[in-house]
Amino acid sequence: MSNDTLPTIAIVGRPNVGKSSLFNAVLGRRIAIVHEQSGVTRDRVSAPAHRKNKHFLLVDTGGVGVFRDDRHVETFDGLIRDQVARVVAEADHVIWVVDSQDGVTPLDRELGLFLRESGRPVTLAANKADNVKLADSAAADFATLGAGQPMPITCTHGHGVEDLLETVLAALPATVGDGVENVEGLKLAVVGRPNVGKSSLVNTLIGENRVIVSDIAGTTRDAIDIPIEIVDETGERVPFTLIDTAGIRRRRQVDNVVELFSSMRAENAVKRCDVAILVIDAQTPATSQDRRIARLIADARKPCILVANKWDLACETIKLKDLKSDLDHDMKFMSYATTVGISAKSGYNVDQVVEALMTIRDQMGMKIPTSIVNQFLQDVIARTPPPAGPGGKTMKLLYATMTDGACPHTVMFVNQKGLCPASYQSFLENRLRDAFFSEGGMPVWIELRSRRSTGDQRSGARTAAAGAQSVKTAARKSRARHNERRKGYRKK
């Protein structure tokens, strides 16, 4: 079932009151970036959760009013307010977080007026209530906001969080979200360097302004999981989870800890995704940073769609086939990726990204029978033998099988894996890809394993007996040394 059927609980509040800390405390893991700097969260960050057989979608939002004194006030504050308004309108319940140590502020009163006008049920959470005195003062101060009795919590230690969540869940409709199982589908990580159009592509794929888009590099900070459904050619609604990530900068260009956290989350998204969508700027393709990010994907052995964004501007000076040729030359390790030229802003060719995604989905998990894999590799090796190694020895294939898994992983048992050069291994991988996964997007890799050394002719039983004898010999020598020490004599 899609996350759209889950009841939604939204966390709102002014900047730096602990919204992201509460979000992470409820989920029990670090998803949203938490830092003492105000305005870290900009986009809404959501994740499914459950308590006591009740499933729900928890949404963290950006702090309203964080950029009032910032030079980007018109760019970000209005966008964040629009995001918060949209989340509140869709929410079944709102947790309004305030700061017990700061008391009531003008921005709290402004936000309280907005929440009352929204008509959504609200539970007030007074964070940073580290002691009884602060909890009592919070109850008196925040009662004037008209949102009911505030519940004191301390997100950093988890105090009061479970009581808060129990109160909120009790206020949800009894039949909504009970026993609902979340189906995430394949995870799609949208990655790339800053300001190449990742968030624009995400918004185009889901058909709404789900994440904030601006011309300012570094707008996205969290790795944002967005559940979506895509209709395939048969009319079936296929669930996916889109992960919009922050632009990955060069390490020497990262100038604050928030950017460092953002880059780390983006790199981790590559590791946990099922398919990577690498977005590059078609006008400046294959930069050194593009190649570094592509290497992360290739090393993680993830299926990949290479999206050349802003193609409407680049197509005047270069053809797509020439762009593909240049990318294959500059990033040979990504030759398996499907390349698509799009304009995320206008939606041009985005349907080809969906088609490539469905093609990869169909290929994932496909396992070729062992007999066919063996026969194919034997034929390839017979036609193009591996080069001879030291002493004129050559690699000989004994047995091969394709293991179960999302990506094609072939295990080859050979006489000596050191006799197979890396270039010849790549040659075999390319032949397997051309033969069985020619539609593109799938990484094919071979793991070489050597058979047991020919010098060891002992059977398994004899090997086990020899091992048991060595253990007995070691124990006998240990007892002998112990007896000698008791006699006051240590053997030299």
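Up top is the structure.
Here we summarise the structure given alongside this text. What you see as residue numbers is a count from 1 along each chain, following the sequence as written. Per-residue local features are limited, in this predicted model, to residues with pLDDT of at least 70; the limit for side-chain atom pairs, both in listing and counting, is 80 or more; totals at the level of whole chains, interfaces and linings are taken over all residues. Derived side-chain values reflect all non-hydrogen atoms in the structure, with water molecules and hydrogen atoms excluded from consideration.

Section: the pattern of salt bridges
Thought 1: By definition, a salt bridge exists where a carboxyl oxygen of Asp or Glu is found within 4 Å of a side-chain nitrogen of Lys or Arg. One pass over the full model with this rule turns up nine salt bridges.
Thought 2: Lysine 128 is the salt-bridge partner of aspartate 99, the closest N and O atoms lying 3.0 Å from each other. With a gap of 29 residues between them, aspartate 99 in strand β4 (residues 93-99) and lysine 128 in the loop between β5 (122-127) and α4 (132-141) connect regions that are remote in the sequence.
Thought 3: Residue burial is assigned from relative accessible area. The probe radius is 1.4 Å, only protein chains are included, and a residue is buried under 20% of its type maximum, exposed over 50%, and partly exposed in between. Overall, the relative accessible area of 24% leaves lysine 128 in the partly exposed class.
Thought 4: For aspartate 290, the salt bridge identified is with arginine 193, shortest N-O distance 3.1 Å. Linking aspartate 290 in helix α8 (residues 288-299) with arginine 193 in the loop between β7 (186-191) and α6 (198-206), this pair joins segments that are 97 residues apart in sequence.
Thought 5: Take aspartate 290: its relative accessible area is 0%, and that puts it in the buried class.
Thought 6: The exposure class of arginine 193 is buried, given its relative accessible area of 15%.
Thought 7: Residues joined in a network through salt bridges with shared partners are Arg14, Asp102 and Asp108. Elements are defined by DSSP. Helices are runs of H or I of four residues or more, strands are runs of E of two residues or more, and each kind is numbered from the N terminus.

Observations concerning the pairing of strand β3 (residues 54-60)
Thought 1: Burial analysis of β3 places seven of its seven residues in the buried class, which makes it a mostly covered element.
Thought 2: Burial along β3 is two-sided: Lys54, Phe56, Leu58 and Asp60 facing one way and His55, Leu57 and Val59 facing the other are all buried.
Thought 3: At least two DSSP bridges between two strands are needed for those strands to be called paired. Pairing between strand β1 (residues 8-12) and β3: four bridges, direction parallel. Paired with alanine 10 across the two strands is valine 59, which belongs to β3.
Thought 4: With seven bridges connecting them, strand β2 (residues 45-51) and β3 associate as antiparallel partners. Bridge pairing in β3 places serine 46 opposite valine 59.
Thought 5: Where β2 folds back on β3, the antiparallel hairpin that results is connected by two residues, among which lysine 52 adopts a positive phi of roughly 50°.

Regarding helix α3 (residues 106-118)
Thought 1: Expected span, for any helix, means 1.5 Å times one less than how many residues it has. If you check α3, its first and last C-alpha atoms are 19 Å apart, about what 13 residues at 1.5 Å a residue would give, namely 18 Å.
Thought 2: Within α3 the residues assigned to the buried category are Leu107, Asp108, Leu111, Gly112 and Leu115. Considered in projection along α3, the buried side chains sweep an arc of 140° and stay on one side of the axis. Every exposed residue of α3 that faces more than 90 degrees away from the buried side is listed here: Pro106 and Glu117.
Thought 3: Among the residues trailing α3, glycine 119 stands out with phi positive, at a value near 80°. Directions drawn from the helix axis to the C-beta atoms are what define this arc.

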